[in-house]
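# Examining the three-dimensional arrangement
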Amino acid sequence: MKIDARLTSEGVYALQTREIAERAERLGIAGLWSGENKHDSFLPLAVAATSTSHIQLGTAVAIAFSRSPMVTAQLAWDLQRRSGGRFLLGLGTQVKAHIERRFSMPWDQPAARLRDYVGALRSIWHSFQTGERLRYEGRFYRHTLLTPVFNPGPIDNPHIPVSVAGVNQALARMAGQVADGFHIHPFHSGAYLRDVVLPAVAEGARSVGRDPSDIELSTSVFVITGEDDRERRRRREDVRSRIAFYASTPSYRVVLDAHGWGDLGERLTAMSKEQRWEEMAQLVSDEMVDAFAIDAEPGDVGRRIRERYEGVVDRVALFDFFEPTQSDEFWEAIVRTASEETSAHGATH
């Protein structure tokens, strides 16, 4: 199992990307993932690539449907070149309202559209690398023009791993069919992984003659920890509120259904429309918090991560951003625990 970290673009830490990346690499963290909420997901990785030599750098995730495949292909190609082959492209669909109303882009049949998007990317990269004529005509995307003046040319590491993110079975199956990896939403539990994600990825892979173990599974996990009980309690309530927010999203109902909590999701959705955010958190029981989060002393976080995910997923990051205020000892213990116990065992999904 690889231990990753999430790179923030928020506030003062956005100005410390170079230092943060260098420290993560020094501590033995396997990969840094940059997300896309308020800020672009690619830009921080360009900075990190110039100050590191072996840590992997990825988007988790870049919003696919807000960009043409050609734009994403160029960004990924440049980052792969700059990083010396360490770039991992993670793509997500976002939800319909954001694609249509925030990005003013088309939305329909997200799993089929994302499959076509991945096919377009690989066709474009093939033309970049070989100089062959670009001829991609898919269901949603069509790329048939790439003159030499606009071709960035070959690179030393032309294979860019593409992962997709999703919550429901359709995207998990699609990942098994065409992607190199699948990003599992941080709002997950052991039951959801076992009963929903793993079977769907395996079904997709086997339908096209692939080995399910070839698809790299990644996730991030809510962690409740602290130096004293007061800090642990505060963080537990923060996670409770985060769970209430995610559980109120109708498209994430499948996670709750894995536990028989679907009715609660409907109540939370109704309350979210009334902006009753504080009341929503009160409906999230301790049982739910323990299902969706790891609660442990700082020195025990690595062991708990291993117990929950060993043999199930390949890469795990903490949901909280990697920040300079966190101690080296905390991260060194997590990385050491994961690597010592999984050196002879990989994910068996």
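Above: the structure in question.
So, a few notes on the structure that sits alongside this text. The structure displayed is predicted, hence computed values, not measured ones. Along each chain, residue indices are assigned from 1 in the same order as the chain's sequence is written. It should be noted that, the model being predicted, local features are given only for residues of pLDDT at least 70 and side-chain atom pairs only at 80 or more, the latter also being counted only at that level, while totals for whole chains, interfaces and linings use all residues. To obtain the side-chain values, all non-hydrogen atoms of the structure were included, while hydrogens and water were left out.

### Observations regarding the overall build of the protein
Which entries qualify depends on this criterion: We count a stretch as a helix when DSSP gives it H or I for four or more residues in a row; a strand needs E for two or more, and each element gets its number in order from the N terminus. The atom set for the radius of gyration is the C-alpha atoms, and the globule formula is 2.2 Å times the number of residues raised to the power 0.38. Relative accessibility under 20% of the residue-type maximum defines a buried residue, over 50% an exposed one, and the middle range a partly exposed one, all with a 1.4 Å probe and only protein chains included. Any two residues having at least one pair of non-hydrogen atoms within 4.5 Å are treated as being in contact.
When you go through the protein residue by residue, the secondary structure sums to 14 helices and twelve strands. Computed over C-alpha atoms, the radius of gyration of the protein comes to 20 Å, within 12% of the 20 Å expected from 2.2 N^0.38 for 349 residues, which places it in the range of a compact globule. Principal-axis analysis of the C-alpha atoms gives the protein an extent of 60 × 45 × 40 Å. Scored against the burial criterion, the 349 residues of the protein give a buried share of 53%. A sequence separation of at least 24 residues applies to 74% of the contacts in the protein between residues at least 6 apart.

### Some details on the packing of helix α2 (residues 43–51) against helix α3 (residues 69–83)
The condition that has to hold: Only the stretch in contact is used when a helix axis is fitted, and all axes are lines through C-alpha atoms; the angle between N-to-C directions ranges over 0 to 180 degrees. The cut-offs work like this: below 35 degrees is roughly parallel, past 145 is roughly antiparallel, 65 to 115 is roughly perpendicular, and the gaps in between are oblique. With the far helix as reference, a near helix turned anticlockwise by less than a right angle produces a left-handed crossing, and one turned clockwise produces a right-handed crossing. Polar here means any residue outside two lists: the nonpolar Ala, Val, Leu, Ile, Met, Phe, Trp, Tyr, Cys and Pro, and the charged Asp, Glu, Lys and Arg; Gly therefore counts as polar.
α3 packs onto α2 with a crossing angle of 15° between their chain directions and a minimal axis gap of 9 Å. Relative to α3, the element α2 is oriented roughly parallel. Considering how the two elements wind past one another, α2 and α3 form a crossing that is left-handed. On the side of α2, the interface is formed by Leu-45, Ala-46, Ala-49 and Thr-50, while α3 contributes Leu-79, Arg-82 and Ser-83. Residue classes in the contact of α2 with α3 are distributed as four nonpolar, two polar and one charged.

### Concerning the nonpolar core
Rules: Joining through side-chain atoms within 4.5 Å is the link that ties buried Ala, Val, Leu, Ile, Met, Phe, Trp, Tyr and Cys residues into a set, and such a set is a nonpolar core.
Counting residues in hydrophobic clusters, the biggest one holds 106 residues, and the most contacted among them are Leu-89, Trp-125, Phe-182 and Ile-305. In terms of residue count, the dominant contributor to this core is helix α5 (residues 110–130) (nine residues). Ignoring sequence-local partners within four residues, the contact set of Ile-305 consists of Met-1, Ile-3, Ile-294, Glu-310, Val-316, Leu-318 and Ile-334.

### Here we look at the pairing of strand β3 (residues 56–59)
What counts, and what does not: In this description, strands pair whenever DSSP reports at least two bridges between them. Throughout, right-handed denotes a crossover for which the path from the first strand over the helix to the second runs clockwise when the strands point away from the viewer.
Both strand β2 (residues 31–34) and β3 contribute to a ladder of four bridges, which runs parallel. Among the inter-strand pairings, Ser-34 is bridged to a residue of β3, identified as Thr-59. A crossover links β2 with its parallel partner β3, the connecting element being α2, and its sense is right-handed.

### What about the pattern of salt bridges?
Applicable threshold: We define a salt bridge as a side-chain nitrogen of Lys or Arg found within 4 Å of a carboxyl oxygen belonging to Asp or Glu.
Inspection of every chain in the model, using the stated rule, returns 24 salt bridges. Of the charged contacts in the structure, one is a salt bridge between Arg-234 and Asp-238, with a shortest N-O distance of 2.9 Å. Residue Arg-234 and its partner Asp-238 are located together in helix α8 (residues 229–247), separated by four residues, close to a single helical turn. With relative accessibility at 42%, the residue Arg-234 sits in the partly exposed group. For Asp-238, a relative accessible area of 43% gives the class partly exposed. Ionic contacts of the salt-bridge type, sharing partners, join the residues Arg-232, Arg-236, Glu-237, Arg-240, Asp-286, Asp-290, Asp-295 and Glu-297 into one network.

### Quick look at unusual backbone geometry
A cis amide bond, omega 0°, links Ala-60 with the succeeding residue Val-61. Within the element layout of this structure, Val-61 appears in the loop between β3 and β4 (62–63). One non-glycine residue with positive phi stands out, namely Gln-109, at about 45°. Mapped onto the secondary structure, Gln-109 falls in the loop between α4 (96–102) and α5. Judged by relative accessible area, which is 41%, Gln-109 ranks as partly exposed.

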